[in-house]
Amino acid sequence: MSVPKDRWLDRDAGPVVRPYAVTMGRTVPASGSYAGLTDVVTAVADGGIPAGAHLSRVHRRILGHCRQPITVVDLASDMDLPVGVVRVLLGDLSQYGALRVVAPPRGHETNERLLRNVLDALQAL
Amino acid sequence: MHYRHSDTVEAEVVPAAAKILIAGGFGAGKTTLVGAISEIRPLRTEETLSDRSIGVDDVSGVDSKTTTTVAMDFGRITFRTDLRLYLFGTPGQERFWFMWDDLTFGAVGAVVLADTRRLADCFAAVDYFEHRATPFLVAVNCFDGAPRYQPEDVRIALDLAPDTPVVLFDARQRESVKKVLIALVRYAITKISGDPAYQGRPLRS
């Protein structure tokens, strides 16, 4: 059995086009900041895309997917795109004003309330 | 790796999403646990290889390769449309540790899976969560044929703090996994309510 020259391209490697090709090689969002995994993304209904902004097919698919609020991980999972790629594209769309990224509220009381809600829900499973 | 979060705005209604990490060595039962209680979701992440991983991975012959694809154990429990629990299996191999800070940020807590046949495999995870002050418990997966130990023995072997819960469970059993998650959330609540200074502070370095 011959050993593949590139051991990264085995059966589990996924699409042969490397995912970062979708971002044109960019691995860091244009703004330099990353959306958190459980940040909630919502397309802005009347978000005007600036003239000259380049929106790819994948950008548009993302916009279509987040008409309702959705977390970054669910978006990546639904679209079958790696999280890192989604973050870069979200960065573009956020800069264009086409969507909003909202971090979950944090703080002592918020965390405790969330935990108690999760506890109740788990017990009721 | 340094991360910064996006500038964000407060929304009136944000669907609440809690995040629990499932850590432990390779084969400790992370995938089994996630599958026993939650809806398994495909999740990949394409990450740039860190300096650390370049030393660990054999990257000879792949000179131009600077990213790696990681398939993650990711499960979701939708309690209500406005309340979800996400379970993330943390990639165990050392070369993926650069992802841990990202996963841990904002997490409710962590389950460290222990296999008594290879207890040392979970040292790293215990150290990590102790250092980050992330509430965690140790869940001993009772594999068929593995030696049974009392929780106290495991506590001593792992040098755990007296209040860190140690539970015995079976990762294949939904009810058993549910009890583990409930124990973790209860413990996290005592940590929060017992420590007013706790703010769920950002865990990123």
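Here goes a summary of the coordinates provided. Since the model is a prediction, treat every value here as computed from it, not as a measurement.

### Focus: the packing of aromatic side chains
All names here are of chain B. By the definition in use, this model includes seven aromatic pairs over all chains. Centroid distance F74 to Y86: 5.6 Å. Interplanar angle 20°. Geometry classified as stacked. Of the two residues, F74 is situated in strand 5 (residues 74-80) and Y86 in strand 6 (residues 83-89); the sequence distance between them amounts to twelve residues. Judged by relative accessible area, F74 falls into the buried class, the value being 1%. Between the aromatic rings of F74 and F88, the centroid separation amounts to 5.1 Å while the plane-to-plane angle is 25°, which identifies the pairing as stacked.

### Section: the side chain of E112 of chain A
Position of E112 of chain A relative to the elements: it lies in helix 4 (residues 108-123). Note on E112 of chain A: relative accessible area 17%, which makes it buried. Beyond its immediate stretch of four places on either side in the chain, E112 of chain A contacts I192 and S193 of chain B.

### With respect to the sheet that holds strand 6 of chain B
Residue and element names in this part refer to chain B. Spatial strand order, 2-5-6-1-7-8-9: seven strands in an open sheet with mixed pairing. Edge positions in the sheet fall to strand 2 (39-40) and strand 9 (166-169), since each has one partner strand and no second. Judged from the seven bridges that link them, strand 1 (residues 16-24) and strand 6 form a sheet pairing that is parallel. Paired with I20 across the two strands is L87, which belongs to strand 6.

### Remarks on the nonpolar core
I62 and L99 of chain A together with F88, F129 and V138 of chain B are the most contacted members of the largest nonpolar core, which has 58 residues in total. Here this core takes seven residues from helix 3 (residues 83-95) of chain A, the largest share from any one element. I22, I37, A171 and A188 of chain B belong to the second largest nonpolar core, which has 35 residues in total.

### Re helix 3 of chain A
Residues and elements named next belong to chain A. End to end, helix 3 covers 18 Å across 13 residues, agreeing with the expected 18 Å (1.5 Å per residue, within 8%). For helix 3, a buried count of eleven out of 13 residues is recorded, marking the element as mostly surrounded by other parts of the structure. The complete set of buried residues in helix 3 reads V83, G84, V85, V86, R87, V88, L89, L90, G91, D92 and L93. G97 occupies a position one or two residues after helix 3 and carries a positive phi of about 80°.

### Topic: the state of the cysteines
Across all of its chains, the model carries zero disulfides over all chains by this definition. Here C122 of chain B stays unpaired: no disulfide links it, and the sulfur of C142 of chain B, its closest cysteine neighbor, is 13 Å away.

### Some words on the sheet that holds strand 3 (residues 99-102) of chain A
Residues and elements named next belong to chain A. Taking strand neighbours across the sheet as the criterion, the three strands line up as 2-1-3 in an open arrangement whose pairing is antiparallel. The outermost strands of the open sheet, each flanked by one partner alone, are strand 2 (70-71) and strand 3. Two strands pair when backbone bridges link them, and strand 1 (residues 40-43) and strand 3 are joined in this way by four bridges, in the antiparallel orientation. Each bridged residue has a counterpart across the sheet, and for V40 the counterpart in strand 3 is V102.

Reading the values: the criteria
Residues numbered from 1 in each chain as written. Chains lettered and ligands numbered in written order. Predicted model: local features only at pLDDT ≥ 70, side-chain atom pairs only at ≥ 80, totals over all residues. Heavy atoms only, no water. Phe/Tyr/Trp six-rings, centres within 6.5 Å; stacked < 30°, edge-to-face > 60°. Helix = DSSP H or I, 4+ residues; strand = E, 2+ residues; numbered from the N terminus. Buried < 20%, exposed > 50% of the residue type's maximum accessible area, 1.4 Å probe, protein only. Contact = heavy atoms within 4.5 Å. Pairing = 2+ DSSP bridges. Core = buried A, V, L, I, M, F, W, Y, C linked by side-chain atoms within 4.5 Å. Expected span 1.5 Å × (residues − 1). Disulfide = S-S within 2.5 Å.

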